[in-house]
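A look at the structure
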Amino acid sequence: MTTVTDFSVTAPSFSAALTARWTALREQMAKRALYRKTISELQSLTGRELADLGIHRSAIRSIAHEAAFGK
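Residues numbered from 1 in each chain as written. Predicted model: local features only at pLDDT ≥ 70, side-chain atom pairs only at ≥ 80, totals over all residues. Heavy atoms only, no water.

1. Some remarks on the side chain of T38
The following threshold applies: Put simply, DSSP marks the helices as runs of H or I at least four residues long and the strands as runs of E at least two long, and each gets a number from the N terminus on. Residue burial is assigned from relative accessible area. The probe radius is 1.4 Å, only protein chains are included, and a residue is buried under 20% of its type maximum, exposed over 50%, and partly exposed in between. Polar contacts, as counted here, are pairs of nitrogen or oxygen atoms within 3.5 Å of one another; within protein the pair requires one atom able to donate a hydrogen and one able to accept it, and residues that are adjacent in sequence qualify only if both atoms are side-chain atoms. Should any heavy atoms of two residues lie within 4.5 Å, those residues are counted as being in contact.
By the element assignment, T38 lies in helix 1 (residues 14–43). Judged by its relative accessible area of 14%, T38 falls in the buried class. Only 2.8 Å separates the side chain of T38 from the backbone oxygen of L34, close enough to count as a polar contact. Those residues in contact with T38, other than ones at most four positions away along the chain, are A64 and A67.

2. Considering the nonpolar core
Considering soluble globular proteins, one finds that nonpolar side chains tend to be buried as a cluster. Applied cut-off: Here the nonpolar core consists of buried residues drawn from Ala, Val, Leu, Ile, Met, Phe, Trp, Tyr and Cys, with membership extended through side-chain atoms lying within 4.5 Å.
If you look at the biggest cluster of nonpolar residues, it comprises eight residues: Y35, I39, L42, L50, I55, I60, A64 and A68. Breaking this core down by element, the ones donating at least two residues are helix 1 and helix 3 (60–69). With residues near it in sequence (within four places) discarded, A68 still touches K31, L34 and Y35.

3. Here we look at helix 1
What counts, and what does not: Residue count minus one, scaled by 1.5 Å, sets the expected span of a helix.
In a regular helix each residue adds 1.5 Å, so 30 residues correspond to 44 Å; helix 1 covers 43 Å between its end C-alpha atoms and thus fits that length. On its buried face, helix 1 is in contact with helix 2 (47–53) and helix 3.

4. Quick notes on the pattern of salt bridges
For side chains of opposite charge, pairing can occur when their charged atoms come near one another. Quick reminder of the rule: Any carboxyl oxygen of Asp or Glu that lies within 4 Å of a side-chain nitrogen of Lys or Arg is treated as forming a salt bridge with it.
Counted according to the given criterion, the structure contains one salt bridge. Linking K37 and E41 is a salt bridge whose minimum nitrogen-to-oxygen distance equals 3.9 Å. In this pair, K37 and E41 both sit in helix 1, four residues apart, roughly one turn of the helix. Overall, E41 belongs to the partly exposed group, its relative accessible area being 45%.

This is the structure in structure tokens:
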């Protein structure tokens, strides 16, 4: 008895690749917007408010980066 197995591999279509690229771009734009918003909000706080939160002004950018992009 003979068995024939047909394996066909199809590459993602152009539209699927384009959609994936567009989705990745939108996600990056959203992360960047969150980063800028976090910096803006933290910089608007007074030194006392930041101290109450346990944040030094020099740590604002690293905190915003972690909030937007993770560790």
